Amino acid sequence: MVHQPRSDGTRDGVRGSVRDGVRDGVRDGTRDSPQAGLDPASWPALLAPRLAYFAGVARHEHVTRAAQDMGVPQSTLSRAMVRLEQDLGITLFARKGRTVSLTPAGRAFLTSVEGALAEVERAAESVRADADPASGKVAFGFLHTMGSETVPGLIRAFRADHPRVRFQLVQNYGEAMIERLRAGDLDLCLTSPVPDAPDLVARRVDVQRLRLVVPDDHRLAGRKRVRLAEAADESFVTLEPGYGLRRITDDLCAKAGFKPRVAFEGEEAETLRGLVAAGLGVALLPPPAVARPGVVELTVTAPRAVREIGLAWLDGHPDTPPVAEFKRFLLSRRGQILPD
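Anyway, here's the lowdown on the structure attached to this text. (Residues numbered from 1 in each chain as written. Predicted model: local features only at pLDDT ≥ 70, side-chain atom pairs only at ≥ 80, totals over all residues. Heavy atoms only, no water.)

1. Considering the packing of aromatic side chains
Scanning all chains against the criterion turns up eleven aromatic pairs. Relative to Phe93, the ring of Phe54 has its centre 5.5 Å away and its plane inclined at 55 degrees; by these criteria the two rings are tilted. Taken together, the positions of Phe54 in helix H1 (residues 43-60) and Phe93 in strand E5 (residues 93-96) put the pair 39 residues apart, joining distant regions of the chain. Both residues of the pair, Phe54 and Phe93, count as buried. Grouping aromatic residues by their ring pairs yields a cluster made of Phe140, Phe142, Phe158, Phe167, Phe326 and Phe329. (Phe/Tyr/Trp six-rings, centres within 6.5 Å; stacked < 30°, edge-to-face > 60°. Helix = DSSP H or I, 4+ residues; strand = E, 2+ residues; numbered from the N terminus. Buried < 20%, exposed > 50% of the residue type's maximum accessible area, 1.4 Å probe, protein only.)

2. Details of the side chain of Asp206
Examined against the element boundaries, Asp206 turns out to sit in strand E10 (residues 200-209). Buried charge without a salt bridge: Asp206, with Arg204 as the nearest opposite-charge side chain at an N-O distance of 7.6 Å. Separated by 3.0 Å, the side chain of Asp206 and the backbone nitrogen of Ile337 make a polar contact. At a separation of 2.9 Å, a polar atom in the side chain of Asp206 contacts the main-chain amide nitrogen of Leu338. Among residues more than four places away in sequence, those in contact with Asp206 are Arg307, Glu308, Ile309, Gly335, Gln336, Ile337 and Leu338. (Lys, Arg positive; Asp, Glu negative; His and termini not counted. Salt bridge = Lys/Arg side-chain N within 4 Å of Asp/Glu carboxyl O. Polar contact = N/O pair within 3.5 Å; in protein donor to acceptor, adjacent residues only side chain to side chain. Contact = heavy atoms within 4.5 Å.)

3. Side note on the pattern of salt bridges
All chains considered together, the criterion is met by 20 salt bridges. Put simply, Arg246 and Glu265 hold a salt bridge, and the shortest N to O gap is 2.9 Å. Placement of the pair is Arg246 in helix H7 (residues 244-255) and Glu265 in strand E14 (residues 261-266), with a sequence separation of 19 residues. In this structure, the salt-bridge partner of Asp319 is Lys327, at a minimum N-O distance of 2.6 Å. The network of salt bridges with common partners includes Arg211, Glu270, Arg273 and Glu297.

4. Looking at the nonpolar core
With 36 residues, the main nonpolar core has Phe140, Met146, Phe167, Leu190, Phe326 and Leu330 as its most contacted residues. At the level of secondary structure, the elements contributing two or more residues to this core comprise strand E7 (137-142), helix H5 (150-159), strand E8 (166-171), helix H6 (174-182), strand E9 (188-191), E10, strand E17 (306-314) and helix H9 (321-332). For this core, the leading source of residues is E17, giving five residues. Beyond its immediate sequence surroundings of up to four residues, Leu330 is in contact with Phe140, Leu154, Leu311 and Ile337. Formed by 30 residues, the second largest nonpolar core is a distinct cluster that contains Val213, Ala231, Leu239 and Tyr243. (Core = buried A, V, L, I, M, F, W, Y, C linked by side-chain atoms within 4.5 Å.)

5. Some details on the sheet that holds strand E12 (residues 225-227)
Reading across from one edge, E12-E16-E11-E15 is the order of the four strands in this open sheet, with mixed pairing throughout. Two strands in the sheet have a free side with no partner beyond their single neighbour: E12 and strand E15 (283-285). Each adjacent strand pair in this sheet contributes to an overall mean axis angle of 45 degrees, direction not counted. Strand direction decides the pairing type here: strand E11 (residues 211-215) and E15, joined by three bridges, are antiparallel. Its bridge partner lying in E15, Leu212 is registered against Leu284. (Pairing = 2+ DSSP bridges. Axes fitted to C-alpha atoms, helices over the stretch in contact; angles between N-to-C directions.)

6. Quick notes on the packing of H5 against H9
For the pair H5 and H9, the least separation of the axes is 11 Å and the interaxial angle reads 115 degrees. Taken together, the axes of H5 and H9 lie roughly perpendicular to each other. Note on packing geometry: the crossing formed by H5 with H9 is right-handed. Mapping the contact onto sequence places Leu154, Ala157 and Phe158 in H5 and Pro322, Glu325, Phe326, Phe329 and Leu330 in H9. The residue makeup of the contact of H5 with H9, split by class, is seven nonpolar, no polar and one charged. (Parallel < 35°, antiparallel > 145°, perpendicular 65-115°, else oblique. Left-handed = near helix turned anticlockwise from the far one by under 90°. Nonpolar A, V, L, I, M, F, W, Y, C, P; charged D, E, K, R; others polar.)

7. Observations concerning empty space enclosed by the protein
For the structure on display, the rule yields two cavities of 30 Å³ or more. What lines the largest cavity is a set of 15 residues, among which Leu143, His144, Leu239, Tyr243 and Arg307 lie closest to the centre. Taken together, the residues that form the lining of the largest cavity break down as six nonpolar, six polar and three charged. In this model, the second largest cavity occupies a volume close to 70 Å³. Across the lining of the second largest cavity, the residue classes tally to five nonpolar, one polar and two charged. (1 Å grid on protein atoms, 1.4 Å probe; cavity = no way out; pocket = protein on both sides within 12 Å on 5 of 7 lines; lining within 4 Å. Points joined across faces, edges and corners; volume = space filled by probe spheres on them.)

8. A look at the pairing of strand E13 (residues 235-239)
The buried count for E13 comes to four of five residues, which makes it a mostly enclosed element. As defined by bridge partners, E13 adjoins E14 across five bridges and the pair is classed as parallel. Following the sheet pairing, Val237 is matched in E14 by Phe264. Of the crossover connections in this fold, the one passing from E13 over H7 to the parallel E14 is right-handed. (Right-handed = clockwise from strand over helix to strand, strands pointing away.)

Remember that the coordinates give geometry; whether it matters functionally is a separate question.
What follows is the structure, given as structure tokens:
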């Protein structure tokens, strides 16, 4: 279909679809969204295929030489430049035979076109670099409790065979990481509980015991093991609602026959240990990377106090080579993800 310019500002019977709507940033009385350029009637969609041709002709100031340099028929290049000028409604070139020179409008347009093409080049090189099998990037999310020891150990082991792979690391709670997976911000995440959603693939990769953490002067501090029901009358310090460990805590207490009386809520396990050490309550927590003074950590004998650790990714989402390698590495270490 050939777009013919019209004196009334229409193109193919659509009045102002590009010239009035997109250029002014307003369509139907509302300002365009950032995705407006994807509209088939927008300037980017209309002009993008011809911008590299325009830059080549401007660089050579000769249609034949530009066509030879770019490996396209001269007739194709000539028609593209005529169409470009028609669509813009502006003369970009002064012509003398096959030799051309830029008009003032053409020079101004070229400056912006060269910037746009350079940005496309940078974007293409960036995504290609991120997908490089040897030196690409993995966007990897994990729980806060895995940040001090588990994840550094995993990455160290992986990079023994893949020393140049880069990582973008994100620490967060489970539900937030799942949302970032869905948004495309993460390739993989280690989370708990193991998610169960139709748009995700999740594999259980390890199980972690939880302990009842009490102050070192607590009535239970002399014990090594305890039934969770023995803490029914205690004040609990927990993570905030929405955190996987908070859900597990609530579920375990329900199985033990009580609802925990929550005194403090936080966002990070080591902060909760500090609150326990200060005598402000007890907590169900995974083992610490480094022993904390002021607390005693008791094995819970009933109910079984564990949390399952899952590796999750978007279903049907194609992996780049470095992501595929890291995924295989993690799955090969099932049962060995967490330090002993």
